[in-house]
Amino acid sequence: MNESTSQSESGQVPIRNSQSEFRNSEMIVFDDVSKFYGEILGINRVSLHIAPGITSLVGPNGAGKSTLMNLMTGLLRPSRGRITILGIPTDQPEQLFRKLGYCTQFDSFPRGLTGEEFIRSFLLVHGVERRKAKELTQVALERVSLVEAGKRKMAAYSKGMRQRIRLAQAIAHQPEVMILDEPLNGLDPMVRAETIALFRKLAAEGLHLIISSHILHEVDMMSDRVILLNNGYVVAEGNVHGVRDEMQDRPMQILIRCDKPAKLAARVFDKDHVVEARLHDDRLGLFVKTRDSDRFYLMLNSVVAEGEINIESIAPVDDDLSAVYQYLIGSEGSNS
Amino acid sequence: MAVYEHTYKQYLGKLTPEWSRFLVIPRHAFRDVFKSKLFTAFYVVCFIPLLVEAILIYLHHNVNALAILQVNVRELVPIDATFFETFVSLQGSFAFFVALLVGPPLVARDLRNNALPLYLCRPFSRTEYVIGKMSVLLILLSGMTWVPQLLLFLFQSYLEGFRWFIDNLWIASAIFIASVVWILLLALLSQAISALVKWRVVASAALLGLFFIPSIFGEVVNNLFMTRWGNIISLGALIKNVTSGLFGTFVRSTGHVIGRNGRIVREIVMTEPPLWASWLVLFVICAACLALLSWKVKAYEVVR
């Protein structure tokens, strides 16, 4: 492997699961950061330690997602606090942008350029030598499956291709941190799946991917962790399931598919951690709300062991990002 | 999900010098600009006065050619400071129209499409971006003003001799400074307007208006108050004064005769603003343009 290639022999390498196992120089660190636009609050007192992997920023419009992204890229300066990206303060663009790639939502491309020329030009702005820039352009186009289209003028690109060429320009200089603003917008399902797979591959290689998205089920599917923002404050941060588990005031909803839901309802009602039990409309399932899911699952084990009720499936109904979002941010953001 | 050990390596190869990176911007802009055949034709037309200038210089030193054309050398315009000043001013007028065609969309297009983050999320500062955009005009306009003018000055020196070159070296510096001041003013003004007005046509109209409306107003002031101080708000007059000053042809006070029925009623001495005032106003305009660019050229304009 030469000095500039990014291909990894990934997959067969040690794993570090916990955020605490990373040093600050390997993480994106927000230390008590606030940003005010005059008297208007952008974000307030944000402290974060973001480890490699896919981190999604979620929140309604005006929550502070863009502010957070722009602060990370150094395009905005914090009013208070300090931000470092892999140990580099964001006010040092020369070093910062060697490590950081930004895929904005812009939809403007220099007229008359082909995809290849577009990526190569911005590599030259990065200071990459002409010959090397050509090589890196090909690598980036391959990554976003645009090798053939790269020779065509961008004016003829579809929305999905434009989205991918944006992504290619962000990864072309082989950054270690990628900040992606709505990268899945306008992509058809196939390309969307390919792009998510690419994100997962990059994350597996140890990249930081910070993604803002409004499509909650996709965020849920691809993210290692989420940062929920509302009104400039971080409402929750971490793994979705971990966040959901910590919401003790919101009982967990579980759907149990079984042959005797009424009987099961009678069994679960006398448990103090069960707050609600409701039959499914087709009368072949039971919705249960419990404050302690672990105890509830233990109880279900004993029901299964007794063999009186035949349980087909057990699935948490609100252990996903949509539910967490709904609970923490409410309906004000659900449409955004 | 598990996070894997860091196996990805960033690009650590050789880098080009920081100062040269802004050149990527004019390279693409030139390709874009010269795609228009109309513009290319106009740019070529801009060189016709230079051709005339070259012919005049040549004729001055070619007896055979004069004989064929049956022209006496005294009938030709002398090759002196006024000769070069005239052509510098003429090229300046062409430069204005080139700036009008090329300048307005340069920054406006990026601002309109929120494309500035595309440039600024790289090791590329706002200053480098502005220099890159301005260099499009600076290079184009230099190519049709001071560069060919200095070549023609050298041509004249070659034909006239080394003594003439030494004695008139100050003309070369006047050609250079007058042209650079003019193209710098054009570049800054068109960039500032381009940053302020996001639509090309409106930006072009604004640039045109900025040159002509104050000039008209200044002329009204001049005629009403029998003065030349109205020129202080006319960009054209300011540049003319500065250029004249550099070529040593600036006359501050001019007599103006008011007559009625063939009789002299009154003679008034009209006084131009002093040269330092013209320089000062140009400096203030350039500073204002820079301040405007610094205010508008930002990765994000936050509107909440």
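Remember, predicted model here, so these are calculated numbers, not experimental data. (Residues numbered from 1 in each chain as written. Chains lettered and ligands numbered in written order. Predicted model: local features only at pLDDT ≥ 70, side-chain atom pairs only at ≥ 80, totals over all residues. Heavy atoms only, no water.)

Asks: How should the overall build of chain B be read in this particular structure?
Replies: The helix and strand inventory of chain B stands at 14 helices and three strands. Reported as C-alpha extents along the three principal axes, the dimensions of chain B are approximately 100 × 55 × 35 Å. Relative to its 304 residues, chain B shows a buried fraction of 47%. Partitioning the intrachain contacts of chain B with sequence separation of at least 6 by distance along the chain shows that 73% fall at a separation of at least 24. Carbon together with sulfur atoms contributes 69% to the accessible area of chain B, which is approximately 15500 Å² in total. Charged side chains of chain B number 25 positive and 15 negative; the gap between the two group centres comes to 11 Å. (Helix = DSSP H or I, 4+ residues; strand = E, 2+ residues; numbered from the N terminus. Buried < 20%, exposed > 50% of the residue type's maximum accessible area, 1.4 Å probe, protein only. Contact = heavy atoms within 4.5 Å. Areas by Shrake-Rupley, 256 points an atom, 1.4 Å probe, with all protein chains shown as cover. Lys, Arg positive; Asp, Glu negative; His and termini not counted. Charge placed at Lys NZ, Arg CZ, Asp CG, Glu CD.)

Asks: Is there a simple way to think about the pairing of strand β13 (residues 274–279) of chain A in this case?
Replies: Looking along a regular strand, one sees side chains alternate from face to face of the sheet. Residues and elements named next belong to chain A. Where β13 lies against strand β14 (residues 285–290), five bridges are found, and the strand directions are antiparallel. From the neighbouring strand, R278 faces β14, where its bridge partner is F287. Where β13 folds back onto β14 in an antiparallel hairpin, the turn is made up of five residues, including R283, whose phi is positive at roughly 60 degrees. (Pairing = 2+ DSSP bridges.)

Asks: Would you mind showing me how to read the nonpolar core here?
Replies: Of all hydrophobic cores here, the largest spans 128 residues; its most connected members are A:F30, A:L209 and B:Y129. At eleven residues, the largest contribution of residues to this core is made by helix α11 (residues 169–196) of chain B. Residues within four places of A:F30 in sequence aside, it is in contact with A:V46, A:S47, A:L48, A:L68, A:L71, A:M72, A:R82 and A:I83. Residues B:A54, B:L56, B:L66 and B:I171 belong to the second largest nonpolar core, which totals 23 residues. (Core = buried A, V, L, I, M, F, W, Y, C linked by side-chain atoms within 4.5 Å.)

Asks: Help me understand the side chain of A:R143, please; the structure alone is not making it clear to me.
Replies: All names here are of chain A. Along the polypeptide, R143 turns up in helix α4 (residues 130–143). Since its relative accessible area comes to 15%, R143 is described here as buried. Here the side chain of R143 touches E205 through a polar contact of 3.4 Å, side chain to side chain. (Polar contact = N/O pair within 3.5 Å; in protein donor to acceptor, adjacent residues only side chain to side chain.)

Asks: When you look at the domain arrangement of chain A in this model, what are you seeing that I'm missing?
Replies: Reports often express the size of an interface as the amount of accessible area lost when the parts come together. Taken as a whole, chain A is organised into domain 1 (19–245) and domain 2 (251–317). Its C-alpha centre places domain 1 of chain A at a distance of 42 Å from the equivalent point of domain 2 of chain A. (Domains from an automatic or database assignment.)

Asks: Mind showing me how you'd approach the packing of aromatic side chains here?
Replies: Any two aromatic rings considered together are summarised by their centre-to-centre distance and by the angle between their planes. Residues and elements named next belong to chain B. The tally for this structure, following the rule as stated, stands at 20 aromatic pairs over all chains. On the numbers, 5.4 Å between centres and 75 degrees between planes, the contact of F96 with F97 is edge-to-face. Ring centres 6.0 Å apart and planes at 50 degrees place the aromatic pair F153 and F165 in the tilted group. With F153 in helix α9 (residues 146–160) and F165 in helix α10 (residues 162–167), this pair connects stretches of sequence that are twelve residues apart. We classify F153 as buried; its relative accessible area is 1%. Residue classification places F165 among the partly exposed residues on the basis of a relative accessible area of 22%. Three or more aromatic residues joined by ring pairs make a cluster, and in this case those are F83, F84, F87, F153, F162, W164 and F165. If you follow K296 out to its NZ or CZ, it ends over the ring of W295, 5.1 Å from the centre. (Phe/Tyr/Trp six-rings, centres within 6.5 Å; stacked < 30°, edge-to-face > 60°. Lys NZ or Arg CZ within 6 Å of the ring centre and 35° of its normal.)

Asks: Can you help me understand the sheet that holds β14(A) in this one?
Replies: Within a sheet, adjacent strands bond to each other through the backbone by hydrogen bonds, running parallel or antiparallel. Residues and elements named next belong to chain A. An order of β13-β14-β12-β15 is seen for the four strands of this open sheet, with the pairing classed as antiparallel. Each edge of the open sheet carries a strand with a single partner, namely β13 and β15 (311–316). Neighbour-to-neighbour, the strand axes of this sheet turn through a mean angle of 20 degrees, independent of strand direction. When strand β12 (residues 252–258) meets β15, the two strands line up antiparallel, connected through five bridges. Its bridge partner lying in β15, I256 is registered against I314. Set on the sheet, helix α9 (residues 261–269) makes contact with β12, β13 and β14; between it and β14 the angle comes to about 15 degrees. Across the sheet, helix α10 (residues 293–306) lies against β12, β13, β14 and β15, angled at about 175 degrees from β15, the strand it touches most. (Axes fitted to C-alpha atoms, helices over the stretch in contact; angles between N-to-C directions.)

Asks: Whenever I open this one, the packing of helix α8 (residues 126–142) of chain B against α11(B) confuses me. Can you help?
Replies: To describe two helices that pack against each other, one gives the angle between their axes and the distance between the axes. All names here are of chain B. One way to put it is that α8 packs onto α11 with a least axis distance of 9 Å and a crossing angle of 145 degrees. Judged by the twist between their axes, the crossing of α8 over α11 is right-handed. Of the residues in α11, those touching α8 at K133, M134, L137, L138, L141 and S142 are I183, L184, L186, A187, L188, S190 and Q191. In the contact of α8 with α11, the residues fall into nine nonpolar, three polar and one charged. (Left-handed = near helix turned anticlockwise from the far one by under 90°. Nonpolar A, V, L, I, M, F, W, Y, C, P; charged D, E, K, R; others polar.)

Asks: In this structure, what is going on with the pattern of salt bridges? I would like to understand it.
Replies: When charged atoms on two side chains of opposite charge get close, those side chains can pair. According to the stated counting rule, one finds 20 salt bridges over all chains in the structure shown. Ionic pairing is found between A:D282 and A:R257, a salt bridge with its closest N-O pair at 2.7 Å. Taken together, the positions of A:D282 in the loop between β13 and β14 and A:R257 in strand β12 put the pair 25 residues apart, joining distant regions of the chain. What makes A:R257 partly exposed here is its relative accessible area of 22%. B:D167 serves as the salt-bridge partner of B:R163, at 2.9 Å between the closest nitrogen and oxygen. Here B:R163 pairs with B:D167, and both are found in helix α10, just four residues apart, close to one helical turn. Given a relative accessible area of 59%, B:R163 falls into the exposed group. We classify B:D167 as partly exposed; its relative accessible area is 41%. Where salt bridges share partners, they join A:E94, A:R98 and B:R21 into one cluster. (Salt bridge = Lys/Arg side-chain N within 4 Å of Asp/Glu carboxyl O.)

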